[in-house]
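A closer look at the structure
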Amino acid sequence: MVAFFILYSFMVFRKNEHRVFIRDFNKSLFIAWVIISVVILLIQIAPFILHEEFLLSLTPTCVFKKYFDKECFSCGMTHSFISISKGNFDEAYRWNNFSVYLYLFFELNILSLLLFSICRLYRRKSFFTFK
Amino acid sequence: MQTTSLIFGILSVVGMIIGFIPCFATLNWLNIPFASIGLIIGIVSLVNAKKSENKTSGVVGIVLCSIAIIFGLIRLIFSLAFGGGGII
């Protein structure tokens, strides 16, 4: 498959079709980024909108904990996100110390997407059009 | 349609990478059907494409979807074989 991919890339470059492909690829990457960011945003908004008990009932018990009687690195993530939404960062850190950094990364991702979109619109480009 | 296939391919590869994280194998149960839809869209777009049309995006979409399906299946098989039950 890798060999096929390399051969195909070589053919594309020979025919000078790569410009069209790069434009399509940039467009696809951007749309994929928007979709992923929307999903992330929904995850972040959920603790603000939905009730705590309802959210906790949606998330299943960790199977790793059930099988091996040890906590995995994602255990307590839902509790932690709920605590962050309430502003209790200490409690969130106690539930899962990794989730605070993950939440920060999510925020940075959404901020960078917003900045990127504003820059594109400022340059008077259409939102999904790539040159 | 070729761009749609490429978007499906990129998303499914992202899903596959997340599925490789321990305890996240469950994601592959969703990701493999998703990648299969992308694969079907890619194949249909290539079949319907005109001769003069650029087919690169469709081909790359198909390749990405195939990679996501194959590696996702391998991950699931490993999970099932080593007692993870397709979840861990």
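Every chain is numbered independently, its residues counted from 1 as its sequence is written. Whichever chain is written first is A, and whichever ligand is written first is 1; the rest continue in order. In keeping with the model being predicted, local features are shown solely for residues with a pLDDT of at least 70 and side-chain atom pairs are shown and tallied solely at 80 or more, while totals for entire chains, interfaces and linings include all residues.

With that settled, the discussion passes to the overall build of chain A. Only DSSP runs of H or I with at least four residues qualify as helices, and only runs of E with at least two residues qualify as strands; both kinds are numbered from the N terminus onward. For chain A, the helix and strand inventory stands at seven helices and zero strands. Between the buried cut of 20 or more and the exposed cut of 12 or fewer other C-beta atoms within 10 Å of a residue's own C-beta lies the partly exposed class, and all C-beta atoms are placed from the backbone. Residues classed as buried in chain A amount to 11% of the 131 residues present. What counts as a contact here is a pair of residues whose C-beta atoms, placed from the backbone, lie within 7 Å. Restricting to contacts in chain A with at least 6 residues of sequence separation, those with at least 24 account for 37%.

Among the structural elements, B:Thr56 can be located in helix H3 (residues 56-81). Spatially, the C-alpha atom of B:Thr56 lies 9.8 Å from that of B:Thr3, the residues being 53 residues apart in sequence.

As a further point, take the confidence of the model for chain B. The predicted model of chain B has a mean per-residue pLDDT of 84, with 93% of residues at 70 or higher. Complex prediction metrics read pTM 0.76 and ipTM 0.76. Each residue gets a pLDDT score, which is the predictor's confidence in that residue and runs from 0 to 100.

Before going further, it helps to spend a moment on helix H7 (residues 97-122) of chain A. In this scheme, a helix's expected span is set at 1.5 Å multiplied by one less than its residue total. Taking 1.5 Å of rise per residue, the 26 residues of H7(A) would be expected to cover 38 Å, and the 39 Å separating its terminal C-alpha atoms lies within 8% of that figure. With two of its 26 residues buried, H7(A) lies for the most part at the surface.

Note: predicted coordinates in regions of low pLDDT should not be interpreted at a detailed level. Residue-level pLDDT values for chain A average 79, and 81% of them are 70 or greater. H7(A) holds the highest mean pLDDT among the elements of chain A, 86, whereas helix H1 (residues 2-14) of chain A holds the lowest, 64.

A set of buried residues drawn from Ala, Val, Leu, Ile, Met, Phe, Trp, Tyr and Cys, joined through C-beta atoms within 7 Å, is what defines a nonpolar core. Formed by 19 residues in total, the largest nonpolar core has its most connected members in B:Phe8, B:Ile10, B:Ala35, B:Leu64, B:Cys65, B:Ala68 and B:Ile69. Residue assignment for this core shows that the elements contributing at least two residues are helix H1 (2-19), helix H2 (27-48) and H3 of chain B. Examining the composition of this core, we find that eight residues originate from one element, H3(B), more than from any other. Setting aside chain neighbours within four positions, we find B:Ile69 in contact with B:Ile32, B:Ala35, B:Ser36 and B:Leu39. Formed by six residues, the second largest nonpolar core is a distinct cluster that contains A:Phe81, A:Ile82, A:Ile84 and A:Ala92.

Residue and element names in this part refer to chain A. Assignment of secondary structure puts Tyr 103 in helix H7. The spatial distance from the C-alpha of Tyr 103 to the C-alpha of Arg 23 is 32 Å, given a sequence separation of 80 residues. Once residues lying within four places of it in the same chain are set aside, the contact partners of Tyr 103 are Phe 81 and Ile 84.

Moving on, we get to the packing of H1(B) against H2(B). Residue and element names in this part refer to chain B. Angular values range over 0 to 180 degrees, each being the angle between N-to-C directions of two axes fitted as lines to C-alpha atoms, with helices fitted over their stretch in contact. For the pair H1 and H2, the least separation of the axes is 8 Å and the interaxial angle reads 160°. If you check the angle between H1 and H2, you find them roughly antiparallel. Where H1 crosses over H2, the handedness of that crossing is left-handed. Contacts between H1 and H2 involve Gln 2, Thr 4, Ser 5, Phe 8, Gly 9, Ser 12, Gly 15, Met 16, Ile 18 and Gly 19 on the former and, on the latter, Leu 27, Asn 28, Asn 31, Phe 34, Ala 35, Ile 37, Gly 38, Ile 41, Gly 42 and Ser 45. Note on residue classes: Ala, Val, Leu, Ile, Met, Phe, Trp, Tyr, Cys and Pro are nonpolar, Asp, Glu, Lys and Arg are charged, and everything else, Gly too, is polar. Tallied by class, residues from the contact of H1 with H2 come to eight nonpolar, 12 polar and no charged. Between 65 and 115 degrees an angle is taken as roughly perpendicular, under 35 as roughly parallel, over 145 as roughly antiparallel, and anywhere else as oblique. Put simply, a crossing is left-handed when the front helix is turned counterclockwise from the back one by less than a right angle, and right-handed when it is turned clockwise.

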